[in-house]
Amino acid sequence: MVLEQLLGNLIQGLVLGAVYGMATMGLSLIFGVLRIVNVGHGAFIMVGAFIALWTFNALGLSPIVALPLAFVVGAALGLLFYYSVIQRLLQAPELATLLVTFSMGVLLQEVVKLIFGSEFRGYNWPVGKLDLGLTVLPYSKLLACVGSAAIALLLYFWVNRTRAGTAMRSVVDDRVGAQVCGVNVNRVFAMSFALGIALTVTSGVLLTMFIPVGINPYMGGGYTLKAFVIAVLGGLTSPYGAFFGGLVFGLIENGSYTLFALIPGVEPFALTRFLSFAMLLVILLIRPTGILKAK
Amino acid sequence: MNGSSKYAPLIPVAVVYAALFLVGRYTPGFWQLMATLLFYCALGQAFNIFLGLTGYVDFGYVAFLGIGTYGMALCVSRLADHPGLGWGVIALGFLLALVMATLLSMAVGAVALRLRGAYFAIATVGVNEGFRFLIEGLRIWNGSEGIIFTAQLNQVLGRDAASAVSTYWADVMVLVIAVAAAVVTLLYMRSRIGYALVALREDEDAAKVMGINVTKYKIIAFITSACFAGLIGASSWALKTPYVFPPEVFEIHYTIEAIIIVLLGGAGTLLGPIVGGLIYGISKYYLAVIIPGFQLLIFAPIIIVIIVVFPEGVVGMLKKKTRHTALGRYII
């Protein structure tokens, strides 16, 4: 009985984990290329969630339409923040970029709160369910999972098969060397930052399939923490590492919830949240280069 | 530098705090505002000891205020049945707050301070949330229900004294903490610790090569800063409002406020947190009247502008302007 429940929850965890992974790729991409940690990461996920909510409630369109919209909004936000602020801080101490990205997150939260208010909202997209026996999966969640994997694959081909992707990899390998070979490093930075933010905002749309009534301007904080754990699992600099880190994290999160629920006298939900923080510290301590990386 | 000018920068510190106290004490209706300003100055002064002196950002700083609040709450609620202790309970409460803040900062610091720059920031982002969920998850100290100890505080001190503590003495204690934090900041700046931290801030690798035990000095600054935070929590939160709920005392909002105050005034300066605290406190007070609930909408872009345009803050700028002038030795 418990085993069946555990298996069912692990399937759910894997599906959610794919979306978690996709939601972290932007963070790893930005850190990998620019060496900047986006401490406001969760706020960009929140923006995506509100785009999905708005497309569904105000325009009456399906969240699939919200995906390209979120990508465009994200890319625009990324370019805006890069050229107005980030660009000026590339030589500044780390403290500056940490505080600036953090403040960007706070700013986004407050702007969204100003427009939509701070109560919890949600939408219901009735698309039917798939009964697997062990557990029941709504098609919306399946779609989010498949969509995440597809986006991860697209990113892989973009980075490895296109000219822009090659330029990006060259900057990661050797900033100065790339510049000498005629790569416009500033443009690569701008593009990577915009792409990273666009991916993050898009992932916010996909995440709404898992949170029926959890959309709120301050929802991002929890996702920032989760994304850090996942990014660190995947080695922090690799978007694909992040994707697989997400799968692992989804499994651990749902698996541990099922197990914590068996212990009497504790609150399993809160303990699961604590576990993700504890994991972060332990991984950073023993292997800051990531668990999933080969070397 | 002779003995007297070494401590000259404490004069403006003393003047500002004395002015805040006297205005609050003798101008009817001003005590509440002055108490708020004192809280922000103390918060900035305590946070500055770590962020300002080391250049490391601790995003989970509020956890230390939270744990201090718990220290006082636990002490008062558990010792209320021991008659005769009286004010001793409050003293023990501060002691427990100090001990708990030290232990938590040692635990966090032992892990996080091994990490550099961005990795450190990542490790601290979840400290407040992680600790909150540990308390709620394992139902430690009443879990998510928190501790309400209004009745116990009345029982320990008597109703009149308890109300005087909440409305007056708790704020005086915050003032004492703020002054103590300022003195400690100056002592650190003028000692081996401060010089080591300057070296660390400029170039951590070079400092290490020069034989400076950077981890040791980072830990000293981290624990000191956390201890002051614990005391602020114990007085400004626990004694002023005798209850503690995990979601409230581990709210990241206060870390944001501490960052704003320190940056506004000038990170790593002695007077910075006071100037930052006053500017932030006063503008927040009036913004709350004009646009309630949206103060951060104004302050978030302000932090971004400060970092991009004048990262040294108000006092940092003044310090540059007054260098080699008669005023210079008072402003650091």
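Residues numbered from 1 in each chain as written. Chains lettered and ligands numbered in written order. Predicted model: local features only at pLDDT ≥ 70, side-chain atom pairs only at ≥ 80, totals over all residues.

A. Geometry of the overall build of chain B. The helix and strand tally for chain B stands at 17 helices and two strands. For 332 residues, the compact-globule estimate of 2.2 N^0.38 gives 20 Å, and chain B sits close to it at 20 Å. Over its C-alpha atoms, taken along the principal directions, chain B stretches across nearly 60 × 45 × 45 Å. Here chain B, with 332 residues, has 52% of them falling under the buried criterion. (Helix = DSSP H or I, 4+ residues; strand = E, 2+ residues; numbered from the N terminus. Rg over C-alpha atoms; globule rule 2.2 N^0.38 Å. Buried ≥ 20, exposed ≤ 12 C-beta atoms within 10 Å, placed from the backbone.)

B. Main features of the overall build of chain A. Helix and strand counts for chain A stand at 11 helices and two strands. Put simply, chain A runs from its N terminus to its C terminus through helices and strands in the order α-α-α-α-β-β-α-α-α-α-α-α-α. In terms of principal-axis extent, the alpha carbons of chain A reach across some 65 × 45 × 35 Å. A total of 295 residues make up chain A; the buried ones form 54% of that total.

C. Main features of the environment of A:Ile197. Residues and elements named next belong to chain A. Of note, Ile197 is situated in helix 8 (residues 185–207). Residue Ile197 is classed as buried on the basis of its 31 C-beta neighbours within 10 Å. Considered as a pair, Ile197 and Val72 are 125 residues apart in the sequence and their alpha carbons are 9.9 Å apart. If sequence neighbours within four positions are ignored, Ile197 has contacts with Gly26, Phe44, Gly74, Ala75, Leu77 and Gly78. (Contact = placed C-beta atoms within 7 Å.)

D. Main features of the nonpolar core. Ranked by internal contacts, the top residues of the largest apolar core, which has 218 residues, are A:Val19, A:Leu99, B:Leu38, B:Ala42, B:Val174, B:Ile232 and B:Leu263. With 15 residues, helix 3 (residues 31–54) of chain B is the largest single contributor of residues to this core. (Core = buried A, V, L, I, M, F, W, Y, C linked by C-beta atoms within 7 Å.)

E. View of the environment of B:Leu263. Structurally, B:Leu263 is set in helix 14 (residues 253–265). Setting aside its immediate chain neighbours within four residues, B:Leu263 contacts A:Leu99, B:Ile303, B:Ile306, B:Ile307 and B:Gly313.

F. Just the packing of helix 1 (residues 2–34) of chain A against helix 10 (residues 239–260) of chain A, in detail. Residues and elements named next belong to chain A. In the contact formed by helix 1 and helix 10, the axes pass within 5 Å of each other and the chain directions differ by 145 degrees. Relative to helix 10, the crossing made by helix 1 is right-handed. Of the residues in the contact of helix 1 with helix 10, the class split is 19 nonpolar, 15 polar and one charged. (Axes fitted to C-alpha atoms, helices over the stretch in contact; angles between N-to-C directions. Left-handed = near helix turned anticlockwise from the far one by under 90°. Nonpolar A, V, L, I, M, F, W, Y, C, P; charged D, E, K, R; others polar.)

G. Structural view of the interface of chain B and chain A. Counting residues at the interface gives 37 residues for chain B and 37 residues for chain A. When residues of the side of chain B that touches chain A are traced back to their parent elements, those giving at least two are helix 6 (117–125), helix 7 (127–137), helix 14 and helix 16 (295–309) of chain B. A per-element tally of the side of chain B that touches chain A places helix 16 of chain B first, with eight residues.

H. Inspection of helix 8 (residues 150–157) of chain B at higher detail. Residue and element names in this part refer to chain B. Among the residues of helix 8, Gln152, Leu153 and Val156 are the ones counted as buried. One face of helix 8 carries all of its buried residues, which in axial projection span an arc of 100 degrees. Positive backbone phi, at 85 degrees, marks Gly158, one or two positions downstream of helix 8. (Arc of directions from axis to C-beta.)

I. Local environment of the confidence of the model for chain B. Mean pLDDT for chain B: 90, with 99% of residues reaching 70 or above. With pTM at 0.89, the complex prediction returns an ipTM value of 0.85. (pLDDT = per-residue confidence, 0-100.)

J. Local environment of the packing of helix 3 of chain B against helix 12 (residues 214–239) of chain B. All names here are of chain B. Running from N to C, helix 3 and helix 12 point in directions that differ by 165 degrees, and their axes come no closer than 8 Å. Put simply, helix 3 runs roughly antiparallel to helix 12. Considering only the axes of helix 3 and helix 12, their crossing is left-handed. Where helix 3 approaches helix 12, its residues Phe39, Ala42, Leu43, Ala46, Phe47, Ile49, Phe50, Leu53 and Thr54 are matched on the opposing element by Lys218, Ala221, Phe222, Thr224, Ser225, Phe228, Ala229, Ile232 and Ser236. For the contact of helix 3 with helix 12, the class distribution of residues is 13 nonpolar, four polar and one charged. (Parallel < 35°, antiparallel > 145°, perpendicular 65-115°, else oblique.)

K. The arrangement of unusual backbone geometry in detail. For A:Arg35, which is not glycine, the phi torsion reads 60 degrees and is therefore positive. A:Arg35 gets classed as partly exposed once you count the C-beta atoms within 10 Å, which come to 15.

L. Inspection of helix 12 of chain B at higher detail. Counted at 1.5 Å a residue, the expected span for helix 12 of chain B with its 26 residues is 38 Å, and the 37 Å between its end C-alpha atoms agrees. With 21 of 26 residues buried, helix 12 of chain B lies mostly within the body of the structure. (Expected span 1.5 Å × (residues − 1).)

M. The arrangement of the environment of B:Pro246 in detail. Structurally, the position occupied by B:Pro246 is in helix 13 (residues 246–249). For the pair formed by B:Pro246 and B:Ile260, sequence separation is 14 residues and the distance between their alpha carbons is 23 Å.

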